[in-house]
Amino acid sequence: MLEHGGRLLRAVRQYGIAREDWLDLSSGIAPWPYPIPPIPLDAWARLPETDDGLEDAARRYYGVQHLLPVAGSQAAIQALPLLRPVGRVGVLTPCYAEHTHAWQRAGHPLIELDENQVEAELDQLDVLVLVNPNNPTGRRVSPERLLAWHARLAERGGWLLVDEAFMDNTPEHSVAHCAERPGLIVLRSFGKFFGLAGVRLGCVVAEPPLLQRLAELLGPWTVSGPTRVLAQACFADHAAHHAQIERCAQASQRLAALLQGCGMAPTGGCDLFQYVRSERAAQLHDFLAHRGILVRLFEQPAAVRLGLPANAAHEQRLAQALTDYQKETA
Ligand SMILES: Cc1ncc(COP(=O)(O)O)c(C=O)c1O
């Protein structure tokens, strides 16, 4: 298993600090979960049925024609490499490590690229994978550029796989509405923007024949009945979408300013996290953890990623810890 944020119980054991005393900023999940609607007993008791309204609500929310709900976009990340013959895969790195892991495990030769290398490599690739906006760096590639890359790949039957797990905050930059084009696959994650990662829901947007093959590979009942009810309510609540977008943008800007004020200007970020590259990332991670603040540490390149503090008290706690760190390491 690869390393991820959100391992709070491990931190509890490792640092000997009680669970309720932690400030967990180790994931990029919005810290304000959407309210949970009443879930009818049937949703628990019966097997989930498709076309109960979830697909329609998701299509409307994402502005797309065709999609497949899955048990978290992670399920699709693992399955998609099994739906192609072995071929040369390029991944824009650093990114969410499950992508490289899944393609390699399925036997595809893989090269890691940065954005500037794509043009030169594209005609030798069968698949290009990227996260947009990227986790953890926050780097964003424009829709125009992505669609041009997709067109070149699709000419030869290739795929462009765009993981838009953090795109709900900036839907104007999404390419999901173009994903009926053969060879363009877009992944969306429900848990991050709606702050409900525990329900395990994602959507794959692509042309219907590919969605059909993916559905067959994943099998029936992948998304639970309660999740289907809950997600429909979240997708339909437009007023709450705007409020969440605003709230995240403001909190992310405050987080960036806070970091800058403590001498740790972010290297990148998006509206759900900030990213700071530093040779002393491991030391900073450990310093904060000893004060009950959990951030996500990356080794290569050395960096930390901080999710959004939920309120002013959490911001103050982080600011105080970073100020202490600055003093101790001056
Ligand atoms: C970029 C990215 N894609 C996909 C996922 C998987 O998310 P989920 O399976 O909850 O949709 C994550 C989880 O952190 C992620 O960071």
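Residues numbered from 1 in each chain as written. Predicted model: local features only at pLDDT ≥ 70, side-chain atom pairs only at ≥ 80, totals over all residues. Heavy atoms only, no water.

**Student:** Describe in detail empty space enclosed by the protein, supporting the description with residues and values.
**Tutor:** Considering all chains together, one arrives at one cavity of 30 Å³ or more under this definition. Taken as a whole, the largest cavity spans an internal volume of roughly 40 Å³. Within the lining of the largest cavity, the residues separate by chemical class into five nonpolar, three polar and one charged. (1 Å grid on protein atoms, 1.4 Å probe; cavity = no way out; pocket = protein on both sides within 12 Å on 5 of 7 lines; lining within 4 Å. Points joined across faces, edges and corners; volume = space filled by probe spheres on them. Nonpolar A, V, L, I, M, F, W, Y, C, P; charged D, E, K, R; others polar.)

**Student:** I'd love a proper account of the nonpolar core, names of residues and values included.
**Tutor:** Core analysis: the largest hydrophobic core is formed by 40 residues, its most contacted members being Leu128, Phe194 and Phe235. Secondary structure elements with two or more residues in this core: helix H3 (54-62), strand E5 (127-131), helix H7 (143-155), strand E6 (159-163), strand E7 (184-189), helix H8 (191-194), strand E8 (202-205) and helix H10 (225-236). The dominant element in this core, judged by the number of residues it contributes, is H3, at five residues. In this view, Leu128 contacts Gly90, Leu113, Val118, Leu122, Trp149, Leu153, Trp159, Leu160 and Leu161; residues no more than four positions away in its chain are not counted. Formed by 30 residues, the second largest nonpolar core is a distinct cluster that contains Phe166, Phe273, Leu306 and Leu318. (Core = buried A, V, L, I, M, F, W, Y, C linked by side-chain atoms within 4.5 Å. Buried < 20%, exposed > 50% of the residue type's maximum accessible area, 1.4 Å probe, protein only. Helix = DSSP H or I, 4+ residues; strand = E, 2+ residues; numbered from the N terminus. Contact = heavy atoms within 4.5 Å.)

**Student:** Describe the site of the ligand, naming the residues involved and giving the relevant values.
**Tutor:** Close contacts around the ligand come from 14 residues, with Ser73, Asn135, Asp163, Ser189 and Arg200 the closest. The separation between an oxygen atom of the ligand and a polar main-chain atom of Gln74 is 2.9 Å. A distance of 2.6 Å separates a nitrogen atom of the ligand from a polar atom in the side chain of Asp163. In the complex, the protein chains occlude 90% of the 390 Å² of accessible area that the ligand would expose alone. (Near = heavy atom within 4 Å. Polar contact = N/O pair within 3.5 Å; in protein donor to acceptor, adjacent residues only side chain to side chain. Areas by Shrake-Rupley, 256 points an atom, 1.4 Å probe, with all protein chains shown as cover.)

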